[in-house]
Amino acid sequence: MSRPFNFSAGPATLPEEVLQQAAAEMLDWHGSGMSVMEMSHRGKEFMSIYEDAESNIRELLEVPQEFSILFMQGGGIAENAIVPLNLSGGQKADYVVTGNWSNRSQKEARKYCSVNLAASNEANGHTHMPAPASWQLSLDARYVHVCSNETVHGVEMHELPDLNALGSAAPLVIDFSSHMASRPVDWSRVGLAYGGAQKNVGPAGLTLVFVRKNLLGNALPHCPTAFDYQVVSSNQSMYNTPPTYAIYIAGLTFKWMKEQGGISVIEQRNIAKAQLLYNYIDGSDLYISRVTQDCRSRMNVPFFLREEKLNDLFLAGAKEHQLLQLKGYKTLGGMRASLYNAMPLEGVQALVNYMRAFELKHA
Ligand SMILES: *Cc1c(COP(=O)(O)O)cnc(C)c1O
(Lines give C-alpha, C1' and ligand atoms only; values in the text may rest on other atoms or scores of the structure.)
Protein backbone atom coordinates (compact mmCIF):
# COMPACT_ATOMS: atom_id res chain seq x y z
CA MET A 1 0.00 0.00 0.00
CA SER A 2 1.45 3.37 -0.92
CA ARG A 3 1.01 6.19 1.54
CA PRO A 4 -0.70 9.47 0.62
CA PHE A 5 1.46 12.53 -0.09
CA ASN A 6 1.48 14.79 2.94
CA PHE A 7 2.05 18.51 2.31
CA SER A 8 1.82 19.60 5.95
CA ALA A 9 3.98 22.59 6.99
CA GLY A 10 4.91 20.87 10.23
CA PRO A 11 5.00 18.44 11.86
CA ALA A 12 5.55 17.15 8.39
CA THR A 13 6.27 14.22 6.16
CA LEU A 14 9.30 12.07 6.98
CA PRO A 15 11.11 9.61 4.71
CA GLU A 16 9.26 6.31 4.64
CA GLU A 17 12.54 4.42 5.08
CA VAL A 18 13.12 6.27 8.35
CA LEU A 19 9.67 5.40 9.68
CA GLN A 20 10.11 1.79 8.67
CA GLN A 21 13.47 1.49 10.36
CA ALA A 22 12.10 3.10 13.51
CA ALA A 23 9.19 0.65 13.46
CA ALA A 24 11.52 -2.33 13.04
CA GLU A 25 13.70 -1.12 15.92
CA MET A 26 10.83 -0.06 18.18
CA LEU A 27 10.95 -2.91 20.68
CA ASP A 28 14.62 -3.80 20.54
CA TRP A 29 17.24 -1.37 19.31
CA HIS A 30 20.25 -3.25 17.87
CA GLY A 31 19.94 -6.19 20.25
CA SER A 32 20.01 -3.96 23.33
CA GLY A 33 16.67 -5.37 24.53
CA MET A 34 15.34 -1.82 24.83
CA SER A 35 13.40 0.68 22.81
CA VAL A 36 15.36 3.92 22.28
CA MET A 37 12.65 5.56 24.42
CA GLU A 38 13.60 3.34 27.34
CA MET A 39 17.34 3.97 27.36
CA SER A 40 19.29 6.11 29.77
CA HIS A 41 20.46 9.19 27.91
CA ARG A 42 23.90 8.65 29.44
CA GLY A 43 24.21 4.97 28.56
CA LYS A 44 26.57 3.82 25.84
CA GLU A 45 23.72 2.87 23.49
CA PHE A 46 22.11 6.28 23.44
CA MET A 47 25.49 8.05 23.46
CA SER A 48 26.33 6.29 20.21
CA ILE A 49 22.99 7.40 18.70
CA TYR A 50 23.64 10.97 19.83
CA GLU A 51 27.22 11.07 18.58
CA ASP A 52 26.23 9.66 15.19
CA ALA A 53 23.45 12.23 14.83
CA GLU A 54 25.80 15.06 15.75
CA SER A 55 28.60 14.01 13.44
CA ASN A 56 26.26 13.27 10.54
CA ILE A 57 24.56 16.66 10.61
CA ARG A 58 27.96 18.34 11.00
CA GLU A 59 29.21 16.48 7.95
CA LEU A 60 26.06 17.02 5.86
CA LEU A 61 25.86 20.76 6.48
CA GLU A 62 29.67 21.18 6.61
CA VAL A 63 29.41 22.88 9.99
CA PRO A 64 32.85 24.24 10.98
CA GLN A 65 34.48 23.23 14.25
CA GLU A 66 34.06 26.80 15.56
CA PHE A 67 30.37 25.96 15.97
CA SER A 68 28.73 23.99 18.75
CA ILE A 69 25.69 21.96 17.78
CA LEU A 70 23.08 21.92 20.55
CA PHE A 71 20.08 19.58 20.81
CA MET A 72 17.52 21.58 22.74
CA GLN A 73 13.78 21.77 23.41
CA GLY A 74 11.09 24.41 23.17
CA GLY A 75 11.09 24.85 19.39
CA GLY A 76 11.63 28.01 17.39
CA ILE A 77 9.23 29.87 19.63
CA ALA A 78 11.30 29.25 22.75
CA GLU A 79 14.41 30.36 20.83
CA ASN A 80 12.71 33.72 20.33
CA ALA A 81 13.38 34.23 24.04
CA ILE A 82 16.48 32.08 24.42
CA VAL A 83 18.42 34.01 21.77
CA PRO A 84 18.06 37.44 23.45
CA LEU A 85 18.57 35.85 26.89
CA ASN A 86 21.93 34.59 25.65
CA LEU A 87 23.14 37.14 23.15
CA SER A 88 21.60 40.54 23.86
CA GLY A 89 23.22 41.41 27.18
CA GLY A 90 19.96 43.27 27.79
CA GLN A 91 21.13 45.79 25.18
CA LYS A 92 20.06 46.30 21.59
CA ALA A 93 19.40 43.88 18.74
CA ASP A 94 18.38 44.42 15.11
CA TYR A 95 15.40 42.52 13.72
CA VAL A 96 14.35 42.17 10.11
CA VAL A 97 10.65 41.41 9.73
CA THR A 98 9.73 39.44 6.64
CA GLY A 99 6.62 37.55 7.73
CA ASN A 100 4.71 35.92 10.54
CA TRP A 101 7.67 34.20 12.20
CA SER A 102 10.21 37.00 12.28
CA ASN A 103 7.46 39.29 13.53
CA ARG A 104 6.84 36.96 16.45
CA SER A 105 10.59 36.86 17.10
CA GLN A 106 10.94 40.63 17.41
CA LYS A 107 7.88 40.86 19.66
CA GLU A 108 9.20 38.28 22.07
CA ALA A 109 12.69 39.79 22.10
CA ARG A 110 11.27 43.06 23.45
CA LYS A 111 10.85 41.36 26.82
CA TYR A 112 14.61 40.99 27.10
CA CYS A 113 16.30 43.72 25.11
CA SER A 114 15.65 46.79 23.04
CA VAL A 115 14.71 46.00 19.47
CA ASN A 116 15.59 48.03 16.41
CA LEU A 117 13.33 47.13 13.48
CA ALA A 118 15.93 47.28 10.74
CA ALA A 119 13.51 46.49 7.93
CA SER A 120 10.00 45.22 7.34
CA ASN A 121 8.07 44.02 4.33
CA GLU A 122 4.73 44.31 6.08
CA ALA A 123 3.59 47.10 3.74
CA ASN A 124 3.66 44.72 0.77
CA GLY A 125 1.97 41.89 2.66
CA HIS A 126 5.22 39.98 3.22
CA THR A 127 5.47 39.09 -0.45
CA HIS A 128 9.14 39.84 -0.94
CA MET A 129 12.37 40.21 0.99
CA PRO A 130 13.57 43.74 1.71
CA ALA A 131 16.97 44.14 0.02
CA PRO A 132 19.77 43.92 2.61
CA ALA A 133 21.26 47.18 1.30
CA SER A 134 18.08 48.93 2.53
CA TRP A 135 18.26 47.59 6.10
CA GLN A 136 18.72 50.22 8.80
CA LEU A 137 21.25 48.37 10.94
CA SER A 138 22.44 49.89 14.21
CA LEU A 139 26.11 50.18 15.05
CA ASP A 140 25.62 48.90 18.58
CA ALA A 141 23.40 45.87 17.92
CA ARG A 142 24.48 42.71 19.71
CA TYR A 143 23.12 40.63 16.84
CA VAL A 144 20.96 40.84 13.73
CA HIS A 145 18.01 38.45 13.57
CA VAL A 146 16.37 37.23 10.38
CA CYS A 147 14.05 34.39 9.44
CA SER A 148 15.66 32.90 6.35
CA ASN A 149 12.51 31.05 5.32
CA GLU A 150 9.10 32.35 6.29
CA THR A 151 6.96 29.22 6.59
CA VAL A 152 3.61 31.02 6.48
CA HIS A 153 4.25 33.64 3.80
CA GLY A 154 6.54 31.49 1.67
CA VAL A 155 9.42 33.94 1.26
CA GLU A 156 12.97 32.63 1.38
CA MET A 157 16.39 34.29 1.46
CA HIS A 158 18.15 32.40 -1.30
CA GLU A 159 21.39 33.99 -0.15
CA LEU A 160 22.21 34.95 3.42
CA PRO A 161 23.12 38.61 3.93
CA ASP A 162 26.78 39.52 4.34
CA LEU A 163 26.57 41.77 7.40
CA ASN A 164 30.22 42.81 7.16
CA ALA A 165 29.59 44.20 3.70
CA LEU A 166 26.63 46.12 5.14
CA GLY A 167 28.84 47.75 7.75
CA SER A 168 27.67 45.71 10.74
CA ALA A 169 30.05 43.79 12.97
CA ALA A 170 27.20 41.99 14.73
CA PRO A 171 26.68 38.24 14.35
CA LEU A 172 23.82 37.12 12.13
CA VAL A 173 21.15 34.99 13.83
CA ILE A 174 18.92 32.98 11.54
CA ASP A 175 15.69 31.16 12.24
CA PHE A 176 15.96 28.46 9.58
CA SER A 177 13.34 26.14 11.09
CA SER A 178 11.54 25.44 7.85
CA HIS A 179 14.44 25.07 5.43
CA MET A 180 17.14 23.63 7.64
CA ALA A 181 19.08 20.98 5.70
CA SER A 182 17.28 21.78 2.44
CA ARG A 183 20.35 23.52 0.96
CA PRO A 184 23.95 24.29 1.98
CA VAL A 185 24.62 27.04 4.55
CA ASP A 186 27.31 29.72 4.17
CA TRP A 187 28.56 29.50 7.75
CA SER A 188 31.02 32.36 7.22
CA ARG A 189 27.98 34.67 7.38
CA VAL A 190 26.33 33.08 10.41
CA GLY A 191 26.75 33.53 14.15
CA LEU A 192 23.85 31.34 15.23
CA ALA A 193 21.22 29.29 13.42
CA TYR A 194 18.25 27.61 15.05
CA GLY A 195 15.36 25.49 13.94
CA GLY A 196 12.72 23.13 15.22
CA ALA A 197 13.18 19.62 13.85
CA GLN A 198 9.56 19.00 12.92
CA LYS A 199 9.65 20.83 9.60
CA ASN A 200 12.41 19.07 7.75
CA VAL A 201 14.46 16.69 9.86
CA GLY A 202 12.43 14.87 12.49
CA PRO A 203 9.63 14.90 15.03
CA ALA A 204 8.51 17.81 17.19
CA GLY A 205 10.25 18.21 20.52
CA LEU A 206 13.78 18.78 19.27
CA THR A 207 15.37 22.13 18.44
CA LEU A 208 18.76 22.27 16.73
CA VAL A 209 21.00 25.24 17.52
CA PHE A 210 24.27 25.87 15.71
CA VAL A 211 26.20 28.51 17.60
CA ARG A 212 29.64 30.00 17.12
CA LYS A 213 31.63 29.10 20.23
CA ASN A 214 32.84 32.67 20.75
CA LEU A 215 29.21 33.69 21.41
CA LEU A 216 28.83 31.31 24.35
CA GLY A 217 29.02 32.43 27.96
CA ASN A 218 27.12 35.72 27.67
CA ALA A 219 23.74 34.72 29.09
CA LEU A 220 21.84 37.18 31.24
CA PRO A 221 21.83 36.26 34.96
CA HIS A 222 18.13 35.39 34.90
CA CYS A 223 18.44 33.11 31.86
CA PRO A 224 17.15 29.66 32.86
CA THR A 225 20.18 27.39 33.31
CA ALA A 226 18.73 24.78 30.96
CA PHE A 227 18.59 27.45 28.23
CA ASP A 228 22.08 28.87 28.74
CA TYR A 229 23.91 27.92 25.53
CA GLN A 230 27.21 27.70 27.41
CA VAL A 231 25.75 25.20 29.88
CA VAL A 232 24.05 23.17 27.16
CA SER A 233 27.23 23.12 25.09
CA SER A 234 29.60 22.14 27.88
CA ASN A 235 27.23 19.32 28.91
CA GLN A 236 26.93 17.91 25.36
CA SER A 237 23.22 18.84 25.35
CA MET A 238 22.68 16.69 28.45
CA TYR A 239 22.40 19.23 31.23
CA ASN A 240 18.76 18.18 31.28
CA THR A 241 17.43 15.00 29.69
CA PRO A 242 17.36 15.72 25.97
CA PRO A 243 14.48 14.58 23.72
CA THR A 244 16.11 11.22 23.12
CA TYR A 245 13.59 9.66 20.76
CA ALA A 246 13.39 12.79 18.61
CA ILE A 247 17.19 12.87 18.39
CA TYR A 248 17.16 9.22 17.29
CA ILE A 249 14.63 9.90 14.50
CA ALA A 250 16.51 13.01 13.38
CA GLY A 251 19.66 10.87 13.33
CA LEU A 252 17.96 8.33 11.05
CA THR A 253 16.88 11.20 8.78
CA PHE A 254 20.47 12.50 8.61
CA LYS A 255 21.62 9.02 7.54
CA TRP A 256 18.86 8.94 4.93
CA MET A 257 20.04 12.32 3.64
CA LYS A 258 23.58 11.01 3.28
CA GLU A 259 22.29 7.98 1.39
CA GLN A 260 20.43 10.28 -0.99
CA GLY A 261 23.78 11.80 -1.94
CA GLY A 262 24.06 14.66 0.54
CA ILE A 263 22.87 18.23 0.67
CA SER A 264 23.70 19.33 -2.85
CA VAL A 265 21.74 16.42 -4.36
CA ILE A 266 18.86 17.22 -2.01
CA GLU A 267 19.04 20.91 -2.91
CA GLN A 268 18.85 20.12 -6.64
CA ARG A 269 15.83 17.94 -6.02
CA ASN A 270 14.19 20.71 -3.98
CA ILE A 271 14.80 23.20 -6.79
CA ALA A 272 13.20 20.84 -9.33
CA LYS A 273 10.18 20.23 -7.10
CA ALA A 274 9.57 23.92 -6.45
CA GLN A 275 10.00 24.82 -10.14
CA LEU A 276 7.48 22.23 -11.18
CA LEU A 277 4.83 23.68 -8.88
CA TYR A 278 5.54 27.40 -9.42
CA ASN A 279 5.72 26.97 -13.20
CA TYR A 280 2.35 25.32 -13.20
CA ILE A 281 0.81 28.00 -10.95
CA ASP A 282 2.24 30.84 -13.07
CA GLY A 283 0.82 29.31 -16.23
CA SER A 284 -2.64 28.66 -14.84
CA ASP A 285 -5.73 30.86 -14.82
CA LEU A 286 -7.14 29.53 -11.57
CA TYR A 287 -4.18 29.57 -9.17
CA ILE A 288 -1.99 32.44 -8.10
CA SER A 289 1.24 32.89 -6.14
CA ARG A 290 1.60 36.32 -4.51
CA VAL A 291 5.31 36.06 -3.74
CA THR A 292 7.87 37.87 -5.88
CA GLN A 293 9.69 35.38 -8.08
CA ASP A 294 13.22 35.83 -6.74
CA CYS A 295 12.29 35.12 -3.13
CA ARG A 296 9.83 32.30 -3.48
CA SER A 297 10.35 29.59 -0.91
CA ARG A 298 11.32 26.16 -2.17
CA MET A 299 9.90 24.60 0.96
CA ASN A 300 6.57 26.32 1.57
CA VAL A 301 4.42 27.33 -1.38
CA PRO A 302 1.32 29.33 -0.46
CA PHE A 303 -1.07 29.65 -3.37
CA PHE A 304 -4.60 30.91 -3.83
CA LEU A 305 -7.58 30.02 -5.95
CA ARG A 306 -8.86 33.08 -7.78
CA GLU A 307 -12.33 31.86 -6.92
CA GLU A 308 -12.19 31.43 -3.16
CA LYS A 309 -15.56 29.72 -3.05
CA LEU A 310 -13.86 26.69 -4.64
CA ASN A 311 -11.49 26.26 -1.70
CA ASP A 312 -13.45 23.58 0.15
CA LEU A 313 -14.11 21.63 -3.01
CA PHE A 314 -10.42 21.79 -3.91
CA LEU A 315 -9.38 20.45 -0.51
CA ALA A 316 -11.98 17.68 -0.47
CA GLY A 317 -10.94 16.53 -3.95
CA ALA A 318 -7.26 16.67 -2.99
CA LYS A 319 -7.91 14.36 -0.08
CA GLU A 320 -9.68 11.90 -2.36
CA HIS A 321 -6.57 11.95 -4.52
CA GLN A 322 -4.37 11.11 -1.52
CA LEU A 323 -2.99 14.66 -1.26
CA LEU A 324 -3.14 15.69 2.38
CA GLN A 325 -2.89 18.88 4.48
CA LEU A 326 -2.97 21.51 1.75
CA LYS A 327 -5.05 24.05 3.66
CA GLY A 328 -3.33 27.42 4.04
CA TYR A 329 -2.31 29.02 7.32
CA LYS A 330 -5.26 30.32 9.35
CA THR A 331 -4.52 34.03 8.97
CA LEU A 332 -3.60 33.83 5.29
CA GLY A 333 -6.23 31.47 3.89
CA GLY A 334 -5.89 29.78 0.52
CA MET A 335 -3.61 26.79 0.16
CA ARG A 336 -0.08 25.90 1.12
CA ALA A 337 1.99 23.02 -0.17
CA SER A 338 5.11 22.29 1.86
CA LEU A 339 7.74 20.45 -0.16
CA TYR A 340 10.25 19.34 2.44
CA ASN A 341 13.16 17.00 1.70
CA ALA A 342 11.05 13.89 2.24
CA MET A 343 8.46 14.94 -0.39
CA PRO A 344 9.39 13.13 -3.59
CA LEU A 345 9.09 14.72 -7.03
CA GLU A 346 6.26 12.25 -7.74
CA GLY A 347 4.27 13.86 -4.92
CA VAL A 348 4.59 17.30 -6.51
CA GLN A 349 3.73 15.81 -9.91
CA ALA A 350 0.63 14.22 -8.41
CA LEU A 351 -0.36 17.58 -6.91
CA VAL A 352 0.12 19.40 -10.22
CA ASN A 353 -1.88 16.72 -12.06
CA TYR A 354 -4.71 17.13 -9.59
CA MET A 355 -4.58 20.94 -9.80
CA ARG A 356 -4.73 20.77 -13.60
CA ALA A 357 -7.70 18.39 -13.62
CA PHE A 358 -9.49 20.58 -11.05
CA GLU A 359 -8.86 23.69 -13.12
CA LEU A 360 -10.18 22.07 -16.30
CA LYS A 361 -13.30 20.97 -14.50
CA HIS A 362 -14.03 24.38 -12.98
CA ALA A 363 -12.85 26.70 -15.74
C1 LIG B 1 7.40 26.41 12.92
C2 LIG B 1 8.27 27.57 13.04
C3 LIG B 1 8.56 28.14 14.29
C4 LIG B 1 7.92 27.66 15.58
O5 LIG B 1 8.27 26.40 15.92
P6 LIG B 1 7.75 25.75 17.28
O7 LIG B 1 8.39 24.42 17.26
O8 LIG B 1 6.25 25.70 17.22
O9 LIG B 1 8.23 26.56 18.40
C10 LIG B 1 9.41 29.22 14.33
N11 LIG B 1 9.97 29.71 13.20
C12 LIG B 1 9.71 29.19 11.99
C13 LIG B 1 10.35 29.78 10.79
C14 LIG B 1 8.86 28.10 11.87
O15 LIG B 1 8.61 27.58 10.66
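Residues numbered from 1 in each chain as written. Predicted model: local features only at pLDDT ≥ 70, side-chain atom pairs only at ≥ 80, totals over all residues. Heavy atoms only, no water.

For the rest of this paragraph, the subject is the overall build of the protein. Secondary structure summary: the protein contains 9 helices and 14 strands in total. The C-alpha atoms of the protein give a radius of gyration of 21 Å, which matches the 21 Å a tight globule of 363 residues would have. C-alpha atoms of the protein, sized along the principal axes, occupy 60 × 55 × 30 Å. Out of the 363 residues in the protein, the part that is buried amounts to 57%. Taking as baseline every contact in the protein between residues at least 6 positions apart, the subset at least 24 positions apart corresponds to 69%. (Helix = DSSP H or I, 4+ residues; strand = E, 2+ residues; numbered from the N terminus. Rg over C-alpha atoms; globule rule 2.2 N^0.38 Å. Buried < 20%, exposed > 50% of the residue type's maximum accessible area, 1.4 Å probe, protein only. Contact = heavy atoms within 4.5 Å.)

Domain boundaries assigned for the protein yield domain 1 (17–259) and domain 2 (262–362). The straight-line distance from the C-alpha centre of domain 1 to that of domain 2 is 27 Å. Counting residues at the interface gives 25 residues for domain 1 and 23 residues for domain 2. Both faces combined, the contact of domain 1 with domain 2 buries some 2100 Å², and carbon together with sulfur accounts for 56% of it. (Domains from an automatic or database assignment. Buried area = accessible area lost by both parts, 1.4 Å probe.)

Here we take up the nonpolar core. Ranked by size, the top nonpolar core spans 59 residues in total, and within it Trp-187, Leu-208, Phe-210, Tyr-248 and Phe-254 carry the most contacts. Taken together, domain 1 (17–259) and domain 2 (262–362) each give at least three residues to this core, which thus spans both. In this structure, Tyr-278, Val-301, Ala-318 and Val-352 belong to the second largest nonpolar core, which totals 26 residues. (Core = buried A, V, L, I, M, F, W, Y, C linked by side-chain atoms within 4.5 Å.)

Strand order in the open sheet made by the 7 strands is E2-E10-E9-E8-E5-E3-E4, with mixed pairing throughout. Looking at strand neighbours, the two that pair on one side only are strand E2 (67–72) and strand E4 (114–120), the edges of this open sheet. Across the sheet, the mean angle separating the axes of adjacent strands is 20 degrees when strand polarity is ignored. Helix H3 (residues 75–87) rests against E2, strand E3 (92–97), strand E8 (172–175), strand E9 (192–196) and strand E10 (207–212) of the sheet, and its axis sits at about 155 degrees to E9. Each of E3, E4, strand E5 (144–147), E8 and E9 touches helix H4 (residues 100–109); the most contacted strand, E3, lies at about 160 degrees to it. (Pairing = 2+ DSSP bridges. Axes fitted to C-alpha atoms, helices over the stretch in contact; angles between N-to-C directions.)

Bringing the layout of surface pockets into the picture now. Here the largest pocket is characterised by a volume of approximately 400 Å³. Breaking the lining of the largest pocket down by element, the ones donating at least two residues are strand E1 (5–6), helix H1 (16–24) and helix H9 (345–362). Here the element with the most residues in the lining of the largest pocket is H1; it accounts for 3 residues. For the lining of the largest pocket, a count of residues per class yields 12 nonpolar, 4 polar and 5 charged. Lining the lining of the largest pocket are residues from two domains, each supplying at least three of them: domain 1 (17–259) and domain 2 (262–362). (1 Å grid on protein atoms, 1.4 Å probe; cavity = no way out; pocket = protein on both sides within 12 Å on 5 of 7 lines; lining within 4 Å. Points joined across faces, edges and corners; volume = space filled by probe spheres on them. Nonpolar A, V, L, I, M, F, W, Y, C, P; charged D, E, K, R; others polar.)

One pass over the structure, following the stated rule, counts 1 cavity of 30 Å³ or more. Taken as a whole, the largest cavity encloses approximately 80 Å³ of empty space. If you trace the largest cavity, you find it lined by Phe-71, Met-72, Gln-73, Ala-226, Phe-227, Val-232, Ser-237, Tyr-239, Asn-240 and Pro-242. Each residue belonging to the lining of the largest cavity can be placed in one class, and the counts come to 7 nonpolar, 3 polar and no charged.

Let us now look at the sheet that holds strand E14 (residues 335–338). Within the open sheet, the 3 strands sit side by side as E11-E12-E14. Their pairing is antiparallel. At either end of the open sheet lies a strand with only one pairing partner, and these are strand E11 (287–288) and E14. Inspection of the sheet shows E11 paired to strand E12 (residues 300–305) by 2 bridges, in the antiparallel sense. Paired with Ile-288 across the two strands is Phe-304, which belongs to E12. Of the strands in this sheet, E11, E12 and E14 touch helix H7 (residues 263–283), which is tilted by about 20 degrees from E12.

Turning our attention to a nonpolar patch on the surface. Together, Met-26, Leu-27 and Met-37 make up an exposed nonpolar region whose accessible area comes to about 330 Å². Inspection of the secondary structure assignment puts Leu-27 in the loop between H1 and helix H2 (44–60). (Patch = residues over 30% accessible without salt bridge, like charges linked within 9 Å, V, L, I, M, F, W, Y side chains within 5 Å. Areas by Shrake-Rupley, 256 points an atom, 1.4 Å probe, with all protein chains shown as cover. Salt bridge = Lys/Arg side-chain N within 4 Å of Asp/Glu carboxyl O.)

Right, let's get into the pattern of salt bridges. In this structure the tally under the stated criterion is 13 salt bridges. Salt-bridge contacts for Lys-44 lead to Glu-45; the nearest nitrogen and oxygen are separated by 3.6 Å. Note on Glu-45: relative accessible area 21%, which makes it partly exposed. We note a salt bridge from Arg-298 to Glu-267, for which the minimum N-O separation is 3.3 Å. In this pair, Arg-298 sits in the loop between E11 and E12 while Glu-267 sits in helix H7, placing the two residues 31 residues apart along the sequence. Through salt bridges with shared partners, a single ionic network connects Glu-159, Asp-162, Asp-186 and Arg-189.

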